[in-house]
Each structure stands twice: as C-alpha cells, then as structure tokens.
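# Examination of the molecular architecture
So you can see what is in the structure, the chains are spelled out below.
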Amino acid sequence: GKYAYNAPKVLESSHTLVFCTKTDITSEYLNQLLEQDDLSGRFKDEKAKLGQKDTRHGYVEFYRNEQKNLFGWMENQTFIALGQLLFAAGLEGIDATPMGGFDEEILNTELGLTEKGLRSSVIVSLGYRSENDFNAKLPKSRLPDEVIFTYL
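The notes below deal with the structure included here. (Residues numbered from 1 in each chain as written. Predicted model: local features only at pLDDT ≥ 70, side-chain atom pairs only at ≥ 80, totals over all residues. Heavy atoms only, no water.)

### Some details on the nonpolar core
As a reminder of what qualifies: Residues grouped as a nonpolar core are buried Ala, Val, Leu, Ile, Met, Phe, Trp, Tyr and Cys residues, joined through side-chain atoms within 4.5 Å. Burial classes follow relative accessibility: with a 1.4 Å probe on protein chains only, a residue under 20% of its type's maximum area counts as buried, one over 50% as exposed, and anything between as partly exposed.
Ranked by size, the top nonpolar core spans seven residues in total: I25, L30, V60, L70, F71, W73 and M74. By size, the runner-up hydrophobic cluster in this structure holds six residues, among which are F19, L82, V124 and L126.

### Structural notes on the pattern of salt bridges
Heads up, the rule is: When a carboxyl oxygen of Asp or Glu lies within 4 Å of a side-chain nitrogen of Lys or Arg, that pair is called a salt bridge. Note on conventions: DSSP H or I runs of at least 4 residues are helices, E runs of at least 2 residues are strands, and numbering of each starts at the N terminus.
For the structure shown, the criterion picks out seven salt bridges. Across the pair K49 and D38 runs a salt bridge whose closest N-O atoms are separated by 2.9 Å. Taken as a pair, K49 in helix α3 (residues 46-66) and D38 in helix α2 (residues 27-39) lie far apart in primary sequence, 11 residues in all. Using a relative accessible area of 9% as the deciding quantity, one classes K49 as buried.

### With respect to the side chain of S13
The cut-off we apply is this: For this analysis, a polar contact is any N or O atom pair within 3.5 Å, provided that within protein one partner can donate a hydrogen and the other can accept it, and provided that sequence-adjacent residues contribute only side-chain to side-chain pairs.
With respect to the element layout, S13 can be found in the loop between α1 (7-11) and β1 (15-22). For S13, a relative accessible area of 18% corresponds to the buried category. Among the polar contacts made by the side chain of S13, one reaches the main-chain carbonyl oxygen of V10 at a distance of 2.9 Å. A distance of 3.2 Å separates the side chain of S13 from the backbone oxygen of H15, its partner in a polar contact.

### A look at the sheet that holds strand β2 (residues 95-99)
So the rule is basically this: Between any two strands, at least two bridges found by DSSP are needed for them to pair. With axes taken as lines fitted to C-alpha atoms, and helix axes fitted only over the stretch in contact, angles between N-to-C directions fall between 0 and 180 degrees. Contacts are assigned to residue pairs that have any heavy atoms within 4.5 Å of one another.
Reading across from one edge, β1-β3-β2 is the order of the three strands in this open sheet, with antiparallel pairing throughout. Edge strands, defined here as strands with exactly one partner in the open sheet, are β1 and β2. On average, each strand axis in the sheet is inclined to that of its neighbour by 25°, with strand direction left out of account. Judged from the eight bridges that link them, β1 and strand β3 (residues 118-127) form a sheet pairing that is antiparallel. Bridge pairing in β3 links T16 to S125. Along the sheet, helix α4 (residues 70-91) makes contact with β1, β2 and β3, crossing β1 at roughly 155°.

Geometry only, nothing functional implied.
So this is what it looks like as structure tokens:
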C-alpha cells in the first residue's frame, strides 16, 4: 500500500517493536498501577499514596473531560517511552528507525490489539545499518536553531 517504502526497514531489521497506547484508562487500571507502586515501596506513607491516587485520577479526568483528548495525552506518554528507547539504542551503537508510516488499522487487526484495548502508535526497527544504506551516507539536514526555538 502507500507505506510500502517502510517494508524493507521492518523486513531487514534485527528486531521490530510496535509501541502501543491503551485506548482508555479505567479506575481499575489506575488502582492496579497504584497498588504496584505501593508493593514496590514508592510511598513513604498512606498520605503519599492517596496524593498519587488523586493526582493520577485528576490528570485522567482533566484530559478526558476538559481537554477532550485523553488518547492524545496517553499517546504522548507512549512517545516518551519511544524517546528513551531511541536514546538507549544510540548509546549501545544500535541503529533505530521510528516509523509513523504504517496502516494502523491493519496492524491493530493483525496483532489483535483492539481486543486488548490497545492501538498501535509507532513502529521502531532496530539493528545495524547496511553498507548499502544510501541514507546513512547523506549529510544531516536540520533547520537553524532560530527557526526551531523560541527564546523568551
């Protein structure tokens, strides 16, 4: 289809990861996170635990009801994990190619993600670049800082 240009990046990689985002956050899920944090010793006392519970519920309700963009906020959390993977891969000398160019509907169906309450957000192929990778030999192209950053 229209994303065929990304197929070699997946087929020729050592590993391909699909980063997924939950399609909703339930109270049960938030409680599961809270209890895991408690078991891991992340709260100094019950007041700290309650504070974390209220904060998390507050964020979810804010993005669900006021911003009307809960999925967008949740997907941003997924992209934080993506950034960490890309950074770690670079530290290890492993090449990584993040891809947003894929048919989400097909991938969600083929991997049964919808039934799991998930939606694919980004794909990352990992491995070592080929000597024939024309793109690796091209110079990097970046906009100047004054175009990217706004100084206040």
